[in-house]
Amino acid sequence: GSPALRSRLLAYSAGIATKERDRARAEADIGVAVALARDSGDADLLARILSDQSTVLLAFGDVAAAVASLEEQLVMRERMHGAQHVNVAAIHAALSRAYRRHGDVDKAERHIRAALAIDDAVLSKDDWRRARHLNAWLALLHARREYAAALDAGVESLRINRIAYADDHPEIASDLENIGKLYLLLDRPADAVDPLRDALARSATQFGPDHAETAATRASYGDALARSGDLAAGDAELRR
C-alpha cells in the first residue's frame, strides 16, 4: 500500500534481475520504480531510484539513457546538497565513466575532474571514496593513452584501499591488476611481475583458479614473465 516502499522493492528486484541478465524484467521493474518515485514527491527517493536506474541501463549497454538519468540526478543532488558534496562527487564520477563509454572523453574528463575537486575540498586524503574516483580518473587517462599518469592514480588508489579495506578485499586485487597492466603498457614488464602475481593469487582465491577473471589476470602475468626474460614460465602461464 506504500508507493515509496513499492518503488524501493521494485528497484531491488531490478537489481537482482540485472545480475540474472533478465533484461526485460529489470527494465520493467525499474521503469515502474522510477514512475512511483516521481509520483511520491520525495526528491531523495527519486534520486536514489534514478541511481538504480542508471546502473541497470549501463549493465545492459544503454549508455545514452544512463547518461540522461545521471544528468538528472546531478541536478537534483546539487539542488539538495549544494555543489560541494560527496553525493554530488559520486554522480560526477559515474557520469565520467558513462561518458567515456559513450565516446565523449572531453565530458568524461570534465566530470571526473569535478569529482576529484570536491574530494580535495571535503574528504581526507585517505577516504575510500577518493580511491573510487581515482579509479575513474585512471580509466580516463588509460583511454587517452596517458599511461604514466594513470599509473600514478593506480598507485594512490592502492595506497588508500590498503588503509580502507581488509587485505583480501577485491578492490585491492583490482588495483594491483591495474598497476601491473599499466607497467606492461609502459614497457616495464619486470615491474609488472610482482603486482600481477599478487593479483593472480587474489583472483584465484576469490573466483577460483579456472574462472575467466582469473584466466585474464593469468594471461597478463604470463605476458609480464615472458617479456621480462622468463620465457618458460611465461609460456606455462599462458598455456594454462
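The notes below deal with the structure included here. (Residues numbered from 1 in each chain as written. Predicted model: local features only at pLDDT ≥ 70, side-chain atom pairs only at ≥ 80, totals over all residues. Heavy atoms only, no water.)

### Quick look at the packing of helix α1 (residues 3–19) against helix α2 (residues 23–40)
To keep things clear, this is the line we draw: Comment: axis = line fitted to C-alpha atoms, over the contacting stretch for helices; angle = value between 0 and 180 degrees taken between N-to-C directions. Strands here mean DSSP runs of E at least two residues long; helices mean DSSP runs of H or I at least four residues long; both are numbered from the N terminus. Roughly parallel covers angles under 35 degrees, roughly antiparallel covers those over 145, roughly perpendicular covers 65 to 115, and oblique covers all other angles. The handedness criterion is simple: a crossing whose near helix is rotated anticlockwise from the far helix by less than a right angle is left-handed, and one whose near helix is rotated clockwise is right-handed. Residue contacts are counted whenever heavy atoms from the two residues lie within 4.5 Å of one another. Residues are grouped as follows: nonpolar covers Ala, Val, Leu, Ile, Met, Phe, Trp, Tyr, Cys and Pro; charged covers Asp, Glu, Lys and Arg; every other residue, Gly included, is treated as polar.
Between α1 and α2, whose axes approach to 8 Å, the crossing angle comes to 155°. Taken together, the axes of α1 and α2 lie roughly antiparallel to each other. Every pair of crossing elements has a handedness; the one defined by α1 and α2 is left-handed. Contacts between α1 and α2 involve Pro-3, Arg-6, Ser-7, Leu-10, Ala-11, Ser-13, Ala-14, Ile-16, Ala-17 and Thr-18 from the first element and Arg-25, Ala-26, Asp-29, Ile-30, Val-32, Ala-33, Leu-36 and Ala-37 from the second. Looking at the contact of α1 with α2 residue by residue, the class counts come to 12 nonpolar, three polar and three charged.

### Structural notes on the environment of Asp-175
Locating Asp-175 in the fold gives a position in helix α9 (residues 170–185). A C-alpha to C-alpha distance of 19 Å links Asp-175 and Asp-187, two positions 12 residues apart in sequence. If sequence neighbours within four positions are ignored, Asp-175 has contacts with Asn-135, Ser-157, Leu-158 and Asn-161.

### Points about α9
To keep things clear, this is the line we draw: Every helix has an expected span of 1.5 Å times one less than the residues it contains. The rule is simple: take the accessible area with a 1.4 Å probe, protein chains only, and divide by the maximum for that residue type; under 20% is buried, over 50% is exposed, in between is partly exposed.
Taking 1.5 Å as the rise per residue, α9 with 16 residues should run 22 Å; its terminal C-alpha atoms sit 23 Å apart, in good agreement. The complete set of buried residues in α9 reads Ile-172, Ala-173, Asp-175, Leu-176, Glu-177, Asn-178, Ile-179, Gly-180, Leu-182, Tyr-183 and Leu-184. Elements in contact with the buried residues of α9: α7 (128–143), α8 (147–164), α10 (189–207) and α11 (212–227). At the exit of α9 stands Asp-187, carrying a positive phi of roughly 60°.

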